[in-house]
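Take a look at the letters that make up each chain.
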Amino acid sequence: MTAGTATQNIHDYLAEFDDIPGTRVFTAARARKGYWLNQFAMSLMKPENRERWKADERKYLDDWPMSAEQKDAILARDYNKCLDLGGNVYFLAKVFSCDGLSFAEAVSTMTDMTFPEYRDMMLKGGRTPEGNRSIKGGY
Amino acid sequence: MAQILGGVFTSHVPAIGAAIAKGLQQDPYWKPFFDGFLPVHDWLADQRPDVAIMFYNDHGLNFFLDKLPTFAVGAAPIYQNADEGWGLPLFRPCQGDAELSWHIIETLVANEFDVTTCQELLIDHSLSIPLELAWPDQQGSFPVRIVPIAINTVQHPLPSPKRALALGRAVHAAIESWQSDAKVVVFGTGGLSHQLDGERAGHMNPDYDKFCLDNLATNPDALTQHSSLDIVDLAGSQGIEILNWIAARGAMGDGVQEVSRNYHIPISNTAAATLLLQTEAAKVMA
């Protein structure tokens, strides 16, 4: 358990953010890195932007000051890569909603399961916390 | 003096909004969740609150990464939803109670909670879905005025559970000193355990959720033993929305008892819950 208080060194505290398996906590560092990636995604809340995006995805991305890697990750719908590059799922949701994907289907693409397998896991109570909580601690 | 009657705590998964729009409340997938609101409907019909103070987290509709307050209080005469990109009809607008908003703001800042104040504020699904769940089938407007209080649960650093509870308690002090005969209900939205990102997506933790549900009424301080990062570990990246529940519980004060609870896995990727708590004042009113 982390203290997360003023008594703990802030650098030690931030280092603990990378200890949860399969999880990229949306830290300030990620929010800075992904600022324009997330801005692009949020632009798809406007219907006229959705139309332009659907008409020519690559051209639409050229309007945004994103890295080539971020653009490629979006075009490939590689959401784990997008998370690595500073994306946040709340905002990336605008991209997969445009694709007509439900949250559950889009989320399943980040796991090692097919959508039917993932949906089945959720119906059976979700992914267990056992063994999925700490890399360092091995629990 | 204003009376605080109770608290409604509920998940706000966007898919619930889609289910409402499509009228799927009796569908086998959805019924176990929507049925959790039947006791809430009865209670609200008995108690008839005038005002709802709503603790929630915006998902980018009003507060995005360009300007992201840790705590923000709405002080608008009316709150509108807007297109969130889901392809759904907009949720109904809701009247505000700007007088109470400013009384809360004055009290919070006097108590050293230096909140952002918002005379215009769009409300997203995390606030609209709980309103639609609590007061369905109403043509036109909701029968309450609202005060939205937004908590950053999106971009770390997040406030601690301890700070969220203290914020709620300061809001409680504000309601107690509000010179009005209005009846008040509080809402805490979001959660419970869920994770929407990364290889660990689909994470759920019924044991931690039960701990929260069991302690919220009678021992809310128990929920502050974990840091916000601990809660991400326990409840998932987005399970941290429990901060909204903790703050809302703080706003209720002491002498709180459980009226009903519903816990259902899954709604989309989420362990969904609805909890209704009431105060001594509600028992007197009933």
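Focus: the overall build of chain B
A tally of helices and strands in chain B yields ten helices and ten strands. At 17 Å, chain B has a C-alpha radius of gyration in line with the 19 Å of a compact globule built from 286 residues. Expressed as lengths along the three principal axes of its C-alpha atoms, the size of chain B is roughly 50 × 40 × 35 Å. For chain B, buried positions account for 65% of its 286 residues. Here the contacts in chain B between residues at least 6 apart in sequence split such that 80% fall between residues at least 24 apart. Of the roughly 9700 Å² that chain B leaves accessible, carbon and sulfur atoms contribute 49%. Looking at chain B, you have 15 positive and 32 negative side-chain charges, and the mean spots of the two groups are 4 Å apart.

Considerations on the sheet that holds strand 9 (residues 257-267) of chain B
Residues and elements named next belong to chain B. A sheet is described by the order of its strands in space; here eight strands give the open sequence 6-3-7-2-8-1-10-9, paired in mixed fashion. The sheet is open, and its two edges are formed by strand 6 (116-118) and strand 9, each paired on a single side. If you compare each strand with its neighbour and ignore which way they point, the axes differ by 15 degrees on average. Examined bridge by bridge, strand 3 (residues 71-74) and strand 7 (residues 145-151) share three bridges and lie antiparallel to one another. Looking at the pairing, Ala-72 lines up with Ala-150 of strand 7. The strands that helix 3 (residues 38-47) touches are strand 1 (3-10), strand 8 (183-189), strand 9 and strand 10 (270-278); relative to strand 10, the one it contacts most, it runs at about 30 degrees.

With respect to the environment of Arg32(A)
Relative to the elements of secondary structure, Arg32(A) occurs in helix 2 (residues 28-33). When the C-alpha positions of Arg32(A) and Leu14(A) are compared, they lie 15 Å apart, and in sequence the two are 18 residues distant.

Observations concerning the packing of aromatic side chains
The full count for this structure, using the stated rule, is 20 aromatic pairs over all chains. Measuring from ring centre to ring centre gives 5.8 Å for Tyr79(A) and Phe96(A), while their planes differ by 90 degrees; the resulting arrangement is edge-to-face. In this pair, Tyr79(A) sits in helix 7 (residues 79-84) while Phe96(A) sits in helix 8 (residues 89-98), placing the two residues 17 residues apart along the sequence. When sorted by exposure, Tyr79(A) lands in the same class as Phe96(A), which is buried. A cation sits over an aromatic face here: Lys94(A) above Trp86(B), 4.1 Å from the ring centre. Against the face of Phe115(A) rests Arg119(A), its NZ or CZ located 4.7 Å from the ring centre.

Some details on the interface of chain B and chain A
On the side of chain A, 50 residues touch chain B, which itself brings 42 residues to the contact. Contact between chain B and chain A buries roughly 4000 Å² in total, counting both sides, with carbon and sulfur atoms accounting for 61%. When the area that chain B buries against chain A is broken down by residue, the three leading residues are Phe64(B), Glu199(B) and Leu229(B), summing to 16%. Applying the counting criterion to the chain B and chain A interface returns three salt bridges. A salt bridge links Arg24(A) to Glu199(B), with the shortest nitrogen-to-oxygen separation between them at 3.0 Å. Counting across the interface, chain B meets chain A through 20 residue pairs in polar contact (both at pLDDT 80 or more). For the side of chain B that touches chain A, the secondary-structure elements that each account for two or more residues are helix 8 (228-235) and strand 9 of chain B.

Thoughts on the pattern of salt bridges
For the structure on display, the rule yields 20 salt bridges over all chains. Between Arg133(A) and Asp233(B) there is a salt bridge, with its nearest N and O atoms 2.6 Å apart. You can see Arg133(A) sitting in the segment after helix 10 (115-123) and its partner Asp233(B) sitting in helix 8, one on each of two chains. For Asp233(B), a relative accessible area of 11% corresponds to the buried category.

Considering helix 6 (residues 68-75) of chain A
Two residues of an α-helix separated by three or four positions point the same way, owing to the 3.6 residues in each turn. All names here are of chain A. Listed as buried for helix 6 are Gln-70, Lys-71, Ala-73 and Ile-74. Mapping the buried residues of helix 6 onto a view down its axis gives an arc of 160 degrees, with all of them on the same face. Two residues or fewer past helix 6, Arg-77 is found with a positive phi of approximately 50 degrees.

Let's talk about the packing of helix 1 (residues 14-22) of chain B against helix 5 (residues 125-134) of chain B
All names here are of chain B. At their nearest, the axes of helix 1 and helix 5 sit 9 Å apart, and the two run at 45 degrees to each other. One finds that helix 1 runs oblique with respect to helix 5. Once helix 1 is placed against helix 5, the crossing between them reads as left-handed. In contact with Pro-14, Ile-16, Gly-17 and Ile-20 of helix 1, helix 5 contributes His-125, Ile-129, Glu-132 and Leu-133.

Some thoughts on the environment of Val147(B)
Residue and element names in this part refer to chain B. Checked against the element boundaries, Val-147 lands in strand 7. Distance in space between the C-alpha atoms of Val-147 and Ala-75 is 7.0 Å, their sequence separation being 72 residues. Every residue in contact with Val-147, bar those within four places of it in the chain, is listed here: Ala-52, Ile-53, Met-54, Val-73, Gly-74, Asp-97, Leu-100, Ser-101 and Ile-104.

Notes on the pairing of strand 2 (residues 51-56) of chain B
All names here are of chain B. Burial within strand 2 is extensive, with six of its six residues counted as buried. A two-sided burial pattern is seen for strand 2, the buried positions comprising Val-51, Ile-53 and Phe-55 on one face and Ala-52, Met-54 and Tyr-56 on the other. In this structure, strand 2 lies alongside strand 7, joined through six bridges in parallel fashion. Pairing of Val-51 across the sheet is with Arg-145, part of strand 7. The sheet contact formed by strand 2 and strand 8 spans five bridges and is parallel. Each bridged residue has a counterpart across the sheet, and for Ala-52 the counterpart in strand 8 is Val-185.

Reading guide: rules and limits
- Residues numbered from 1 in each chain as written.
- Chains lettered and ligands numbered in written order.
- Predicted model: local features only at pLDDT ≥ 70, side-chain atom pairs only at ≥ 80, totals over all residues.
- Heavy atoms only, no water.
- Helix = DSSP H or I, 4+ residues; strand = E, 2+ residues; numbered from the N terminus.
- Rg over C-alpha atoms; globule rule 2.2 N^0.38 Å.
- Buried < 20%, exposed > 50% of the residue type's maximum accessible area, 1.4 Å probe, protein only.
- Contact = heavy atoms within 4.5 Å.
- Areas by Shrake-Rupley, 256 points an atom, 1.4 Å probe, with all protein chains shown as cover.
- Lys, Arg positive; Asp, Glu negative; His and termini not counted.
- Charge placed at Lys NZ, Arg CZ, Asp CG, Glu CD.
- Pairing = 2+ DSSP bridges.
- Axes fitted to C-alpha atoms, helices over the stretch in contact; angles between N-to-C directions.
- Phe/Tyr/Trp six-rings, centres within 6.5 Å; stacked < 30°, edge-to-face > 60°.
- Lys NZ or Arg CZ within 6 Å of the ring centre and 35° of its normal.
- Buried area = accessible area lost by both parts, 1.4 Å probe.
- Salt bridge = Lys/Arg side-chain N within 4 Å of Asp/Glu carboxyl O.
- Polar contact = N/O pair within 3.5 Å; in protein donor to acceptor, adjacent residues only side chain to side chain.
- Arc of directions from axis to C-beta.
- Parallel < 35°, antiparallel > 145°, perpendicular 65-115°, else oblique.
- Left-handed = near helix turned anticlockwise from the far one by under 90°.

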